[in-house]
Amino acid sequence: MSQRIENVLQEDRRFPPSEEFRAAARVGSEEEYRRLHQRSVEDPEGFWAEVARELPWIQPFETVLDWSEAPRARWFPDGKLNASAVCLDQHADGERAGKIAIHWEGEPGDTRSFTYRELRDEVARFANVLKARGIGKGDRVAIYMPMIPELAMAVLACARIGAIHSVVFGGFSAQALRDRIEDGDCCAVICADGGWRRGKVLPLKPEVDAACEGIASVHTVLTVRRTENEVGWTEGRDVWLHEALEGVTADCPPEPMGAEDTLFLLYTSGSTGKPKGIMHTTGGYMVGAYLSTRMVFDLREDDVYWCTADVGWITGHSYIVYGPLANGATQVMYEGAPNAPAEDRFWDLCERYGVTVFYTAPTAIRAFMKWGDEHVEKHDLSKLRLLGTVGEPINPEAWTWYRRVVGGDRCPIVDTWWQTETGGIMITPLPGCTDTKPGSATRPFFGVDAAILDEEGNELGANEGGFLAIRKPWPSMLRGIWGDEQRFKDTYWSKWTDGWTYFPGDGARRDEDGFYWILGRVDDVINVSGHRLSTMEIESSLVAHDAVVEAAVVGRPDDLTGEAIVAFVTTGGGVEPGDALRQGLLEHVATEIGKLARPAEIRFTDVLPKTRSGKIMRRLLRDIAAGRESSQDMSTIEDAGVLERLRKGE
Ligand code: WTA
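Residues numbered from 1 in each chain as written. Predicted model: local features only at pLDDT ≥ 70, side-chain atom pairs only at ≥ 80, totals over all residues. Heavy atoms only, no water.

Engineer: How do you make sense of the overall build of the chain when you look at a structure like this?
Structural biologist: Within the chain one finds 20 helices and 30 strands. Taking 2.2 N^0.38 as the reference for a compact globule, 650 residues should give roughly 26 Å; the C-alpha atoms of the chain span a radius of gyration of 24 Å, in line with that estimate. The 650 residues of the chain split such that 61% are buried. Counted over contacts in the chain with a minimum sequence separation of 6, partners at least 24 positions apart contribute 71%. Of the accessible surface of the chain, which amounts to about 24,300 Å², a share of 47% is contributed by carbon and sulfur atoms. Separation of charge centres in the chain, based on 73 positive and 102 negative side chains, amounts to 1 Å. (Helix = DSSP H or I, 4+ residues; strand = E, 2+ residues; numbered from the N terminus. Rg over C-alpha atoms; globule rule 2.2 N^0.38 Å. Buried < 20%, exposed > 50% of the residue type's maximum accessible area, 1.4 Å probe, protein only. Contact = heavy atoms within 4.5 Å. Areas by Shrake-Rupley, 256 points an atom, 1.4 Å probe, with all protein chains shown as cover. Lys, Arg positive; Asp, Glu negative; His and termini not counted. Charge placed at Lys NZ, Arg CZ, Asp CG, Glu CD.)

Structure (structure tokens):
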């Protein structure tokens, strides 16, 4: 085990929160964390019922948890609520009516802001437009948009009428969007004409048109006008949002949803070719998003919170849309790139809006580091009080840079480990009580019973590398994979024999203080810039190209993106390997999946190293891609010469 999951990091520094931070924090002492955490795992039903009662229910729940059909949990099953009412109406009809919910800024510098009342009214009108198109409870709606306010509104409008949203990140290709629309059997797509990215219009409507071609289930494509570029139009199916909104009222009562009614699908890569539609339901997800946002970001009424993720990923769902709004927070939302027009754009935004809590990804932090301290130092960031990171392991160097340069050595950093499947943050510091260690996500959040197990399910000791496991259900856990119950069970609940211990697919160790160190994926998933990609999915895309006979895709460490994609490709059909083919393959992958899945490196080889039983020796390829000596046993290799040739890059 410890051979399989490497564990090379040695990091002894500790950073306690300042007394000032501790004194004002929601959880300000070690004793309090321990007490609350202990209660939350010993009496999860009591703990979560109390939290859940802080949300506005349309019909209160009596039952807290039904785990009788494990691993399918049912939380608050007899309660009814509406996620958009939790996020909007409770504030819009109360003291926060005039409080800013979203300060939005477009990449070109245009701005819009919405109070809670304004946002609720916009969402209600949007929801009425969806209704007028015949969309209702349980229908699936794909959303493919840039980071504009209408993206958050589209999500909340679906939630308001009980339609299930399926947001597809705008960087995915038409083909990837099509696969997701088809898998979810979506009846509508909400998109925009385009978005701004590094000074250019990124057209989105042509992708949507290509994605929907010939798909009979899609009766409506609702388009937001953002960039005013020319778009194709299909009469009867296509609708401009601004036209559809004319004369529409803001009178749209939120649909009472069962707590276990599905709120959304979000596709994520797994270890087979086909992406999985992760299902989240309404009650448990909202409870998890609400509490984790409040506690991990130590939110206060006057905070200005900014999460730089895209709503197309789970981070944007939980920590832009649902969590902060459920808490009545004021947040910043930004459309474009961090280096448009210059490398200080984020810090300029932080300064102008007075951002106090800032949540981003290690890849972004490493880019800022590379761009230089001067871009940060140009701006007054004295309002910042808390920093966060998510999506991939953060190297201690980037962590300490973030703390020193961005956080002025005063802001705690919360390194938050979680997944699309977990719905919310699972392992994290609480900023007022945890002595953080650079590179460690530290300790389990409330309700999380984490452990490090070996292949047989035995709990491992301090500092032994093993598999991360979660041993109790939690409210925001996934409820399934859309249309594939068996895959849900096989992927997450079958690693160990009990059938109800959750396997996230990550390796980890726990140190002598009980701090968790995430060691990365142990399956065929790689993490590039915090984006999960399936090596199998990229391989099947490569193999679908006429010139490719066989392909193996692995990750190698990369200073900027965490991991980079390396593809080993064997060609056939008389096609000469070379730069033209390389270019063709990159474009092919971009078309099939999206630019984010393009390999950083393609190595042509006449054969792939295989065992005598015909299995591709992936670990060996990983070693070769990383340029390191391999510790893998070579005795089973079929053709030893292949190794030498690969090493030399022949
Ligand atoms: C990785 C993103 C180390 C991990 C919220 C996980 C992390 C996958 C961290 C989920 C972290 C996420 N430290 N690794 N703080 N956060 N990961 O579904 O491998 O896009 O399994 O969710 O990202 O990626 P996903």
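Engineer: I'm lost on the domain arrangement of the chain in this one. Help?
Structural biologist: Interface extent is often summarised as the accessible area lost during association of the parts. When cut into domains, the chain gives domain 1 (19–82 + 261–516), domain 2 (84–255) and domain 3 (545–648). A C-alpha centroid distance of 34 Å is found between domain 1 and domain 3. In this complex, domain 1 contributes six residues to the contact, which on the side of domain 3 involves five residues. Across the domain 1/domain 3 interface, buried area totals approximately 380 Å², and carbon plus sulfur atoms make up 61% of it. (Domains from an automatic or database assignment. Buried area = accessible area lost by both parts, 1.4 Å probe.)

Engineer: Explain the site of the ligand here, please?
Structural biologist: Surveying the vicinity of the ligand reveals 17 residues, the closest of which are Asp-415, Thr-416, Thr-420, Asp-506 and Arg-532. At a separation of 2.8 Å, an oxygen atom of the ligand approaches a polar side-chain atom of Arg-521. Asn-527 is positioned such that a nitrogen or oxygen atom in its side chain is 3.4 Å from an oxygen atom of the ligand. Of all the secondary-structure elements, those providing two or more residues to the shell around the ligand are α11 (314–326), β20 (413–416) and β25 (516–521). (Near = heavy atom within 4 Å. Polar contact = N/O pair within 3.5 Å; in protein donor to acceptor, adjacent residues only side chain to side chain.)

Engineer: Help me understand the pattern of salt bridges in this model?
Structural biologist: Between side chains of opposite charge, a pair can form when the charged atoms approach closely. If you walk through the whole model with that rule in mind, you get 51 salt bridges. Put simply, Lys-205 and Asp-238 hold a salt bridge, and the shortest N to O gap is 2.7 Å. Of this pair, Lys-205 sits in helix α8 (residues 205–212) while Asp-238 is found in strand β12 (residues 238–240), placing the two residues 33 residues apart along the sequence. Here Lys-205 and Asp-238 have matching classes, each one buried. Among the ionic pairs, Arg-385 bridges to Asp-303, the shortest N-O distance being 2.8 Å. (Salt bridge = Lys/Arg side-chain N within 4 Å of Asp/Glu carboxyl O.)

Engineer: I would appreciate a short explanation of the sheet that holds strand β19 (residues 386–390) in the present structure.
Structural biologist: Strand pairing in a sheet is mediated by backbone hydrogen bonds. Such pairs are either parallel or antiparallel. Here seven strands make up an open sheet; going across it, the order is β5-β4-β17-β16-β18-β19-β20 and the pairing mixed. Strands at the two margins of the open sheet, each flanked by one partner only, are β5 (111–115) and β20. Recorded for the sheet is a direction-independent mean angle of 15 degrees between the axes of neighbouring strands. Direction of pairing for strand β4 (residues 100–105) relative to strand β17 (residues 330–334): parallel, over a ladder of four bridges. Following the sheet pairing, His-103 is matched in β17 by Val-332. On the sheet, helix α6 (residues 149–161) packs against β4, β5 and β17 and is oriented at approximately 35 degrees with respect to β5. (Pairing = 2+ DSSP bridges. Axes fitted to C-alpha atoms, helices over the stretch in contact; angles between N-to-C directions.)

Engineer: Explain the packing of aromatic side chains here, please?
Structural biologist: Aromatic ring pairs: the centre-centre distance and the angle between the two ring planes describe each pair. Enumeration according to the criterion identifies 40 aromatic pairs in this entry. Three or more aromatic residues link up through ring pairs in this structure, and these residues are Trp-306, Tyr-334, Phe-346, Trp-347, Phe-358, Phe-368 and Trp-371. The ring of Trp-104 has Arg-112 sitting right over it, with the charged end atom 5.9 Å from the ring centre. The ring centre of Phe-515 lies 4.5 Å from the NZ or CZ of Lys-437, which sits over that ring. (Phe/Tyr/Trp six-rings, centres within 6.5 Å; stacked < 30°, edge-to-face > 60°. Lys NZ or Arg CZ within 6 Å of the ring centre and 35° of its normal.)

Engineer: Is there a simple way to think about the pairing of β19 in this case?
Structural biologist: In terms of residue burial, β19 counts as a mostly covered element, since five of its five residues are buried. Residues of β19 alternate between two faces, with Leu-386, Gly-388 and Val-390 on one and Leu-387 and Thr-389 on the opposite face, all of them buried. Examined bridge by bridge, strand β18 (residues 357–360) and β19 share four bridges and lie parallel to one another. When the sheet's bridge partners are listed, Tyr-359 is paired in β19 with Gly-388. As defined by bridge partners, β19 adjoins β20 across four bridges and the pair is classed as parallel. The residue bridging Gly-388 from the neighbouring strand is Val-414, located in β20. With helix α15 (residues 396–406) bridging β19 and its parallel neighbour β20, the resulting β-α-β unit is right-handed. (Right-handed = clockwise from strand over helix to strand, strands pointing away.)

Engineer: When you look at the nonpolar core in this model, what are you seeing that I'm missing?
Structural biologist: Soluble globular proteins: nonpolar side chains tend toward being buried together. Counting 123 residues, the largest nonpolar core has Phe-76, Ile-143, Ile-190, Met-286, Phe-297, Tyr-322 and Phe-446 as its most contacted members. Per-element accounting of this core gives the leading share, ten residues, to α6. Contacts of Ile-190, omitting those with residues within four sequence positions, involve Phe-126, Leu-130, Val-141, Ala-142, Ile-143, Tyr-144, Met-145, Ala-154, Cys-158 and Leu-222. Among the nonpolar cores identified, the runner-up in size contains 40 residues, and Val-168, Leu-533, Leu-542 and Ala-567 belong to it. (Core = buried A, V, L, I, M, F, W, Y, C linked by side-chain atoms within 4.5 Å.)

Engineer: Would you mind showing me how to read the sheet that holds β25 here?
Structural biologist: With antiparallel pairing, the four strands of this open sheet are ordered in space as β21-β22-β24-β25. Two strands close off the open sheet at either side, each with one partner strand: β21 (450–453) and β25. Along the sheet, successive strands turn relative to each other by an average axial angle of 45 degrees, direction set aside.

Engineer: What is the right way to read the environment of Met-369 from this model?
Structural biologist: For Met-369, the position within the fold is in helix α13 (residues 362–371). What makes Met-369 partly exposed here is its relative accessible area of 23%. In sequence terms Met-369 and Asn-229 are 140 residues apart; their C-alpha atoms lie 35 Å from each other. Those residues in contact with Met-369 that sit more than four places away from it in its chain are Glu-397, Ala-398 and Trp-401.

Engineer: Mind showing me how you'd approach α11 here?
Structural biologist: An α-helical segment advances 3.6 residues per turn. Residues three or four places apart therefore align on the same side. Most of α11 is tucked away, with 13 of its 13 residues classed as buried. Of the residues flanking the end of α11, it is Gly-328, one or two places downstream, whose phi is positive at about 70 degrees.

Engineer: Could you clarify how one ought to interpret the confidence of the model for the chain in this entry?
Structural biologist: Close inspection of predicted coordinates is inappropriate in any region flagged by low pLDDT. Confidence in the prediction of the chain, expressed as mean pLDDT, is 94, and 97% of residues score 70 or more. Mean pLDDT across the secondary structure elements of the chain bottoms out at helix α20 (residues 641–648), with 75, and peaks at α6, with 99. (pLDDT = per-residue confidence, 0-100.)

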